[in-house]
Amino acid sequence: KTRFDAARAAHDAGDLRGARAALLTLANDRAVADDGSLPAGALDHALAAVQARLGYAGLAADYARAANRQRRRALLAGGAAFPNMRAALGPAALAPAAVAAWRRLPMALDEPVFLLGLADPGRRRLIDHLAAHPGVRLITEPALIGQVVTAAPGLGADAAALAHLEPTEAAALRADYLRRRTDLAGGGDDTGTGVIDAGAHNMVHLAWIVRLFPLARLVIFTRHPADHCLAPWLTRPAPADDDPLLTRLGDIVGFYDHAMALWAAADAALPLNVHQFSLEEALADPAGAFARLYQFLALPAAAGLPARLAADPDDAPGRHRRFRALLAPHRGRLAPWVAALGLAD
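It should be emphasised that the depicted structure is a prediction, and the values quoted were computed from it without experimental measurement. (Residues numbered from 1 in each chain as written. Predicted model: local features only at pLDDT ≥ 70, side-chain atom pairs only at ≥ 80, totals over all residues. Heavy atoms only, no water.)

Student: Would you mind going over the environment of Pro 336 with me for this structure?
Tutor: By the element assignment, Pro 336 lies in helix 17 (residues 331–340). Taking the C-alpha atoms as reference points, Pro 336 and Pro 225, 111 residues apart in sequence, are found 9.5 Å from one another. (Helix = DSSP H or I, 4+ residues; strand = E, 2+ residues; numbered from the N terminus.)

Student: Please clarify how the packing of aromatic side chains should be interpreted in this entry.
Tutor: To describe a pair of aromatic rings, you give the distance between the ring centres and the angle between the ring planes. Overall, the coordinates contain 4 aromatic pairs when judged by the stated rule. What links up through ring pairs into an aromatic cluster is the set Phe 114, Tyr 177 and Phe 213. (Phe/Tyr/Trp six-rings, centres within 6.5 Å; stacked < 30°, edge-to-face > 60°.)

Student: I keep staring at the pairing of strand 4 (residues 217–222) and nothing clicks. Help me out?
Tutor: Two faces, one strand: in a regular strand the side chains alternate between the faces of the sheet. Among the 6 residues in strand 4, 6 count as buried, and that is most of the element. The pairing of strand 1 (residues 113–116) with strand 4 spans 4 bridges and is parallel. By the bridge assignment for strand 4, Leu 115 is matched with Val 219. Of the strand pairs in this sheet, strand 4 and strand 5 (residues 273–278) are connected by 6 bridges, and their pairing is parallel. Of the residues in strand 5, the one forming a bridge with Arg 217 is Asn 273. (Buried < 20%, exposed > 50% of the residue type's maximum accessible area, 1.4 Å probe, protein only. Pairing = 2+ DSSP bridges.)

Student: Which parts of the structure should I look at to understand a nonpolar patch on the surface?
Tutor: A contiguous nonpolar surface patch, about 320 Å² in accessible area, is contributed by Met 107, Leu 109 and Leu 215. With respect to the helices and strands, the residue Met 107 is situated in the loop between helix 6 (96–100) and strand 1. The exposed category is assigned to Met 107, whose relative accessible area is 55%. (Patch = residues over 30% accessible without salt bridge, like charges linked within 9 Å, V, L, I, M, F, W, Y side chains within 5 Å. Areas by Shrake-Rupley, 256 points an atom, 1.4 Å probe, with all protein chains shown as cover. Salt bridge = Lys/Arg side-chain N within 4 Å of Asp/Glu carboxyl O.)

Student: It is not clear to me how the pattern of salt bridges should be interpreted in this structure. Could you clarify?
Tutor: Oppositely charged side chains are able to pair whenever their charged atoms sit close together. Evaluated as defined, the whole model comprises 20 salt bridges. One salt bridge in this structure joins Arg 124 and Asp 241, with 2.9 Å as the shortest N-O distance. Separated by 117 residues along the polypeptide, Arg 124 in helix 7 (residues 121–131) and Asp 241 in the loop between helix 12 (225–234) and helix 13 (249–269) bring together distant segments of the chain. Each member of the pair, Arg 124 as well as Asp 241, carries the same accessibility label: buried. Through salt bridges with shared partners, a single network forms among Asp 120, Arg 125, Arg 223, Asp 312, Asp 315 and Arg 319.

Student: I'm lost on the packing of helix 13 against helix 17 in this one. Help?
Tutor: Angle between the axes and distance between the axes are the two parameters that describe a pair of packed helices. Following both chains from N to C, one finds helix 13 and helix 17 inclined at 35°, their axes separated by 10 Å at the closest point. Helix 17 is crossed by helix 13, and the crossing has left-handed handedness. Residues Val 253, Gly 254, Tyr 256, Asp 257, Met 260, Ala 261 and Ala 264 of helix 13 form the contact with helix 17, whose own contacting residues are Arg 333, Leu 334 and Trp 337. A breakdown of the residues in the contact of helix 13 with helix 17 according to their chemical character gives 7 nonpolar, 1 polar and 2 charged. (Axes fitted to C-alpha atoms, helices over the stretch in contact; angles between N-to-C directions. Left-handed = near helix turned anticlockwise from the far one by under 90°. Contact = heavy atoms within 4.5 Å. Nonpolar A, V, L, I, M, F, W, Y, C, P; charged D, E, K, R; others polar.)

Student: Quick question: what am I supposed to make of unusual backbone geometry here?
Tutor: For residues that are not glycine, phi is negative in most cases, and the peptide bond is trans in most cases. A positive phi angle, near 45°, is found at Ala 143, a position not held by glycine. Residue placement: Ala 143 occurs in the loop between strand 2 (137–139) and helix 8 (144–151). Even without being a glycine, His 201 presents a positive backbone phi close to 70°. The residue His 201 is located in the loop between strand 3 (195–197) and helix 11 (206–212) in this model.

Student: For this particular structure, what's the right way to read the sheet that holds strand 1?
Tutor: With respect to topology, 5 strands assemble into an open sheet ordered 2-3-1-4-5, the strand pairing being parallel. Each edge of the sheet is formed by a strand with only one pairing partner; in this case those strands are strand 2 and strand 5. For this sheet, the mean angle separating the axes of adjacent strands, direction not counted, is 25°. Relative to strand 3, strand 1 is paired through 2 bridges, and the arrangement is parallel. Paired with Phe 114 across the two strands is Asp 197, which belongs to strand 3.

By themselves these figures say nothing about function.
Shown next, in the form of structure tokens:
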């Protein structure tokens, strides 16, 4: 681990060729494979990062494949569950005709804040930025709203249950979510907008979020779809984002397509209270991007916060252009969202 950390320090300092040489030496040392001091796939992910920085996209992809195979085996051996997107309601549950058939419920005045978007290094940097704000308490429990709905018999992926929800059921689900949120936020008063539910896979449960909390504040993190899907596969995720879903590029693209279809369906059928935080806009105009975000969240600007998102040379916008061959099988699923976000291919 000491040798690995030294190689990563050289990488971070910009000595890419020195870092690559040190990492390759480690990779050829059989004792390292049996040492157990490095997380599964960490060495190959580090090699993928340095090869990508040096411009060797093919080699980077090869190392990333090896790293993700190792990660997936380790995660599944440790009992990690593969997220089942079909266990939640799909875009059809948010079609205009389906929404028109919803039973009317007493208005919920709660305005919980949800951060939506696929887990990737850019979203993680936004979470870290928000966590530094003194007025924010972040919840990163994976899909807390999904846990609440799953715990209630007869709900989950039942579109009829969503549509015909009884007022007493809705009140119980809202109370359960808010209680769990309070506990995870550290107790105390969490009625303000400073508590942000940033759990992974929140988007999958968007139908239940908007059904239970029609006034919820939704912040959706976006970036170029190809970068959004490539980043968590090519760059080792933070421990909080480590997930079997992020180990296969096709699975990531499928999840992204499903999540964006949910958002598009909800946006077309409902008057959402939503703010789009674009990584590209945040890098081009950080002052404006964060001013708009804080205004939406009713948060004051805080002294001492960085003026922009932390830089990450391993996750530069536009990196997908160097991986066109790798992404070619997925262009058909990503192209509509590139157009919807008003971005260049």
